[in-house]
Amino acid sequence: MLYVVGIGPGNKEEMTAHALNAICKSDTIVGYKTYIDLVKEHISEKEVVVNGMRGEVERCTRAVELASEGKNVAVISSGDPGVYAMSGLVLEIVAAKELDLDIEIVPGITSANGASASLGAPIMHDHAYISLSDLLTDFELIKKRLSLAAEGDFVICLFNPKSKGRPAHIDKAREILLKHKSVDTVVGIVNNAKREGEKVTITTLGKMLEHHIDMTTMVVIGNSNTYKYKDFMITPRGYQV
């Protein structure tokens, strides 16, 4: 059996019983080192296959090999395995090899969901997820998607907003968004959503770059109706209150 497991933000309280059960049933746990560290209390007696950033293909290929040998294997991802994570890659490898494996995708809380809960209710209406990482997607296409989402007045959740290798992408993203959104558009910035060290900031599109943003940050840009009340970011659904 091959499980692809979303562990959510990484703490036990935000991990589903389904995810914990899949990990418990597995003989071998496969994952990126940072995610392995988040679940180490649950896997102390299991075989662990771990590697670093950009080792995704090697990692998932090994997981498929082990499952093909008859082992129960869990590939773990933070958040949900189907959102910028490992379920797609695992299925692509299985399809390419034309294998007949028992596979179960176990959902998890995404960083956007966790951050939104900490902010209040920013994604109550139509919203888009856009990653600013150009490792696998050309940045010209990312810019086009940003522009169209902003033009459509979507709430926009920015994944992977800023890294040491691409510190200026978030600046360019804001520049594009400002062509369609007001400088006063409400923006939520959550560092380490639902993890130790979480920091929640509500600001505006005009001022968002004054705050700390890195790869552990979720940036949620509101639509034209999003507003702040006390410590909450609220996007109305349209109910009459």
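Here the structure is shown first, and the text comes after it.
All of these numbers come straight from a predicted model, not from anything done at the bench.

### Brief notes about the packing of helix H6 (residues 139-151) against helix H7 (residues 169-177)
- Running from N to C, H6 and H7 cross one another at 35°; their axes reach a closest spacing of 9 Å. You can see that H6 and H7 cross each other, and the crossing is right-handed. Counting all contacts with H6, which are made through Phe 139, Lys 143, Leu 146, Ser 147 and Ala 150, the residues of H7 involved are His 169, Lys 172, Ala 173, Ile 176 and Leu 177.
- Split by residue class, the contact of H6 with H7 holds six nonpolar, two polar and two charged.

### Focus: unusual backbone geometry
- If you check the backbone angles, Asn 160 has positive phi at about 45° while not being a glycine.
- Looking at the element boundaries, Asn 160 is found in the loop between strand S8 (155-159) and H7.
- Take Asn 160: its relative accessible area is 23%, and that puts it in the partly exposed class.
- The backbone of Asn 192 sits at a positive phi, close to 55°, despite the residue not being glycine.
- Note on placement: Asn 192 falls in the loop between strand S9 (186-191) and strand S10 (199-204).
- Residue classification places Asn 192 among the partly exposed positions, given a relative accessible area of 22%.

### What about the packing of aromatic side chains?
- A full pass over the atoms with the stated rule returns three aromatic pairs.
- Here the aromatic rings of Tyr 84 and Phe 159 are separated by 4.9 Å at their centres, their planes lie at 55°, and the arrangement is tilted. You can see Tyr 84 sitting in the loop between strand S4 (73-77) and helix H4 (87-96) and its partner Phe 159 sitting in strand S8, a full 75 residues away along the chain.
- The exposure class assigned to Tyr 84 is partly exposed, which follows from its relative accessible area of 47%.
- In this structure Phe 159 comes out as buried when scored by relative accessible area, which is 8%.
- Aromatic pair Tyr 129 and Phe 159: ring centres 5.1 Å apart, planes at 50°, arrangement tilted. Here Phe 159 lies in strand S8 and Tyr 129 lies in strand S7 (residues 127-131), a separation of 30 residues in the sequence.

Cut-offs used in this document
- Residues numbered from 1 in each chain as written.
- Predicted model: local features only at pLDDT ≥ 70, side-chain atom pairs only at ≥ 80, totals over all residues.
- Heavy atoms only, no water.
- Axes fitted to C-alpha atoms, helices over the stretch in contact; angles between N-to-C directions.
- Helix = DSSP H or I, 4+ residues; strand = E, 2+ residues; numbered from the N terminus.
- Left-handed = near helix turned anticlockwise from the far one by under 90°.
- Contact = heavy atoms within 4.5 Å.
- Nonpolar A, V, L, I, M, F, W, Y, C, P; charged D, E, K, R; others polar.
- Buried < 20%, exposed > 50% of the residue type's maximum accessible area, 1.4 Å probe, protein only.
- Phe/Tyr/Trp six-rings, centres within 6.5 Å; stacked < 30°, edge-to-face > 60°.

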